[in-house]
Every structure is written in C-alpha cells, then in structure tokens.
Amino acid sequence: MQRKYIEGGEPIALGDGGAGVLAFHGFTGSPFEVRALSERIHANGFSVLGPALAGHATEVGDLEATTSDEYVAAAERAFDEAQRRFVRVYVVGLSLGGTLALHLATSRPVAGVVTISAPVFLYPMVEATVPIVQQWMPGLRAPANLAAWQGNVIGYTSTSIGAVGVLRAVLERVRGELERVTAPLLVIHSGRDLTVPLASAREIHDRAASADKRLAVVDGGSHVMTVEPNLALIDKTVVGFLKRLERARSPEGS
C-alpha cells in the first residue's frame, strides 16, 4: 500500500500530452527539490511529471528498505508512464535523479538528458569509509541532505549507512553504463559542490557516447541547484537545451 507523502513533497504533474519532461529529485529528497524548475520548464511549453524516487517522500524507513534494483525499476516505470502520456520524453535529474536519468538513456528512448549535480562516484573519503561502516554497523544513522536540515527543501534529514551503501551500488551500476548513453546530454555541476565532486560530472561528460553533449560548470551555487537562489544560475541553461532539441525536431527546424 502506498504510504502518505510528506506534506509539500508530493509528486508533480504539470500539463499532459506533447513533449514532456520527467523530473527526478535527489537522494533523501522529494519532488519539492525539482518543483520550481519543473514549473519553469512547464511555462516554456513542456508537460512535466515529477515522481518520488523509490523509498522517498514518505518516511525514512521506506528508504532504508529500498534496494538498488528497486531504484532502477521505479525509474523505468516512471519513464514508461511518461511515455504513455507524452509524444516524447526528456529526463532531467538532480543528484541521484540525474544518475537514474543516465540509466534510462541506456534502456529507454530518451529524447535528451539533463543531469544536475549527478554522482557516478562520491568523494574519496566517503567511498572509502562507507563500505567499512556498512559492514560492521549498517544500521548506524548519519546526517543526510544539508538542504533539508537548513529547511530549504523537503526530505529526510538522516538515514542509515546501509542506505548510503545502496546508493553507492546504484552509482557503480550506472558508472559501468556510461558508454551506452547516446542521447543528447547536458551535464550541469557547481564548482562549489561539497556533496558530489566535479570529477563525477567530467566522468559523465567524457565517457558518454552522445554526439551532442555539453558540460556546464557553474561558478557559484552548491549541490542542490534546483531551488532558489541557485536555480537562477541554471534555469535558462536547462530550458534553452530542451527548447533547442525541440526546435530541431520541428519540420522547419525552427
């Protein structure tokens, strides 16, 4: 049975039909993280669906029971739902949502991908520490989502080390798929991101096989670039990318 969503963290549905965007939030977050960006995308002629990732936007116990396969399967179901509603589907994802967007580009007919602060690996200290702690104390709770702690987004403020270990498994899986990404790709990352290293964005951009790809490094902001004041640094770039791809698909190319 579907649990009740956190107030303010409910899924997003804006418009129906035409070109559509599937908007994914990040690890321990909720659709709130991508709501403002979704509204700006919708105002520029796209329909938008913004589901909650598996185990998210309900209660943290649901996240801690979620497996890596469930993350992937839920993302694929969300794309299939979007494909039933839209004539074509672009995917925009923040953090883990961007990582899942990359996976979809290897398994579904994605019209274009935008990753924002997306990891395919974490900072070395985290990568080295989590497996050790997970082995001996998988239930140990750790702070998560600084933006939620600060009250800037709606999400879980802590989770178990075991859940972080599952996150790492998803990243490892997608890291091994990057050469299979051929959809048009925009990779956005803040040079000041303290959660996901900029090297992850370079890895995504450099290894993806997309003929149309761009890495946009933002000199400002932080990890959660999809809420104000950070959103103003990227919204035109995201919308411009999507509109350019749509213009290219029109009969006149304009």
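Residues numbered from 1 in each chain as written. Predicted model: local features only at pLDDT ≥ 70, side-chain atom pairs only at ≥ 80, totals over all residues. Heavy atoms only, no water.

Caption draft 1: Seen up close, the overall build of the protein. Across its full length, the protein carries nine helices and nine strands. Taking all 254 residues of the protein together, 52% fall into the buried category. Contacts in the protein between residues at least 24 apart in sequence constitute 75% of all its contacts with a sequence separation of at least 6. Summing over all exposed atoms, the protein offers an accessible surface of approximately 11,000 Å²; the carbon and sulfur share of this is 54%. (Helix = DSSP H or I, 4+ residues; strand = E, 2+ residues; numbered from the N terminus. Buried < 20%, exposed > 50% of the residue type's maximum accessible area, 1.4 Å probe, protein only. Contact = heavy atoms within 4.5 Å. Areas by Shrake-Rupley, 256 points an atom, 1.4 Å probe, with all protein chains shown as cover.)

Caption draft 2: The arrangement of the sheet that holds strand β9 (residues 213-218) in detail. Taken in spatial order, the seven strands make up an open sheet running β1-β3-β2-β4-β5-β8-β9, and their pairing is mixed. Of all the strands in the sheet, just β1 (12-14) and β9 have a single pairing partner and so form its edges. Within this sheet the neighbouring strands show an average axis-to-axis angle of 15°, counted without direction. With four bridges joining them, strand β5 (residues 112-116) and strand β8 (residues 185-190) adopt parallel strand pairing. Bridge assignment links Ile116 to a residue of β8, and that residue is Ile188. (Pairing = 2+ DSSP bridges. Axes fitted to C-alpha atoms, helices over the stretch in contact; angles between N-to-C directions.)

Caption draft 3: Examining unusual backbone geometry more closely. With an omega of 5°, the peptide bond between Glu228 and Pro229 qualifies as cis. Looking at the element boundaries, Pro229 is found in the loop between β9 and α9 (235-249). Here Ala57, not a glycine, exhibits a phi torsion of approximately 65°, which is positive. Secondary-structure assignment places Ala57 in the loop between β3 (47-50) and α2 (60-64). Judged by relative accessible area, which is 1%, Ala57 ranks as buried. Phi angles above zero are rare outside glycine, and Ser95 is one such case at about 55°.

Caption draft 4: Representation of helix α3 (residues 68-85) in the model. Across its 18 residues, α3 extends 27 Å between first and last C-alpha, which sits within 8% of the 26 Å expected from 1.5 Å per residue. Within the span of α3, buried status applies to Tyr71, Val72, Ala74, Ala75, Glu76, Ala78, Phe79 and Ala82. On its buried face, α3 is in contact with β2 (19-24), β3, α2, β4 (88-94), α4 (96-107) and α7 (161-175). (Expected span 1.5 Å × (residues − 1).)

Caption draft 5: Local environment of the pattern of salt bridges. Inspection of the entire model under this criterion finds 14 salt bridges. Across the salt bridge formed by Glu76 and Arg108, the nearest N and O atoms sit 3.9 Å from each other. In this pair, Glu76 sits in helix α3 while Arg108 sits in the loop between α4 and β5, placing the two residues 32 residues apart along the sequence. Its relative accessible area of 18% is what places Glu76 among the buried residues. With relative accessibility at 23%, the residue Arg108 sits in the partly exposed group. (Salt bridge = Lys/Arg side-chain N within 4 Å of Asp/Glu carboxyl O.)

Caption draft 6: Structural detail: the pairing of β8. Most of β8 sits out of view: six of its six residues are buried. Looking at chain direction, β8 and β9 are connected through six bridges and run parallel. Residue pairing across strands places His189 opposite Val217, the latter belonging to β9. In the classification by handedness, the crossover that spans β8, the intervening helix α8 (residues 198-207) and the parallel β9 is right-handed. (Right-handed = clockwise from strand over helix to strand, strands pointing away.)

Caption draft 7: Quick peek at the nonpolar core. Counting residues in hydrophobic clusters, the biggest one holds 44 residues, and the most contacted among them are Leu22, Phe24, Tyr71, Val91, Leu96 and Leu100. Of all the secondary-structure elements, those providing two or more residues to this core are β2, α3, β4, α4, α7, β8 and α8. Contacts of Val91, omitting those with residues within four sequence positions, involve Leu22, Phe24, Phe79, Ala101, Leu104, Val110, Gly112, Val113 and Val114. Formed by 30 residues, the second largest nonpolar core is a distinct cluster that contains Val92, Ile116, Met225 and Leu245. (Core = buried A, V, L, I, M, F, W, Y, C linked by side-chain atoms within 4.5 Å.)

Caption draft 8: Broad picture of the packing of α4 against α7. For the pair α4 and α7, interaxial distance at closest approach is 10 Å and the crossing angle is 35°. Between α4 and α7 lies a crossing of left-handed hand. Contacts between α4 and α7 involve Leu96, Thr99, Leu100, Leu102 and His103 on the former and, on the latter, Leu167, Val170, Leu171, Arg173 and Val174. Of the residues assigned to the contact of α4 with α7, the class counts are seven nonpolar, two polar and one charged. (Left-handed = near helix turned anticlockwise from the far one by under 90°. Nonpolar A, V, L, I, M, F, W, Y, C, P; charged D, E, K, R; others polar.)

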